[in-house]
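Fold and contact review
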Amino acid sequence: MADTDWSEQGLCRSADPDDLFVEGAAQNRAKTLCSGCIVRTECLAYALDQRIEFGIWGGTTERERRALLRRRPTVASWQRLLTTARAAHERISGAA
Ligand code: SF4
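Cut-off values and rules
- Residues numbered from 1 in each chain as written.
- Predicted model: local features only at pLDDT ≥ 70, side-chain atom pairs only at ≥ 80, totals over all residues.
- Heavy atoms only, no water.
- Salt bridge = Lys/Arg side-chain N within 4 Å of Asp/Glu carboxyl O.
- Helix = DSSP H or I, 4+ residues; strand = E, 2+ residues; numbered from the N terminus.
- Buried < 20%, exposed > 50% of the residue type's maximum accessible area, 1.4 Å probe, protein only.

1. Brief notes about the pattern of salt bridges
For the coordinates displayed, the defined rule picks out three salt bridges. For R13, the salt bridge goes to E8, with nearest N and O atoms at 3.3 Å. For the salt bridge of E42 with R86, the shortest nitrogen-to-oxygen distance reads 3.0 Å. Residue E42 is found in helix 2 (residues 40-49), and its partner R86 is found in helix 4 (residues 78-93); the two are separated by 44 residues along the sequence. Under the relative-accessibility criterion, R86 is labelled partly exposed at 25%.

Treat this as a map of the structure, not an account of what it does.
Dropping the structure here:
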């Protein structure tokens, strides 16, 4: 899977892109779209690895992503970290 192939499966694909680039309290409403998205992990990892500053990605606001990046400054690949964590969670929960 190429770096952004996951985006084809995003729930926001049929939404107005402007809905994900909002400010203030509207961000919390925008994030709800991501809650049922099957590529949420890939989307968040991409935004973190690419240091995307604006918009809702993977159910996070820009402020939340900045906080994650500050808390974990040594992470070289969020894609690897998050997909490994998801696989471990699925193993433990019996989802895989
Ligand atoms: S997680 Fe949210 S922003 Fe990312 S693809 Fe899914 S719906 Fe779109």
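Back to the write-up after that little detour.
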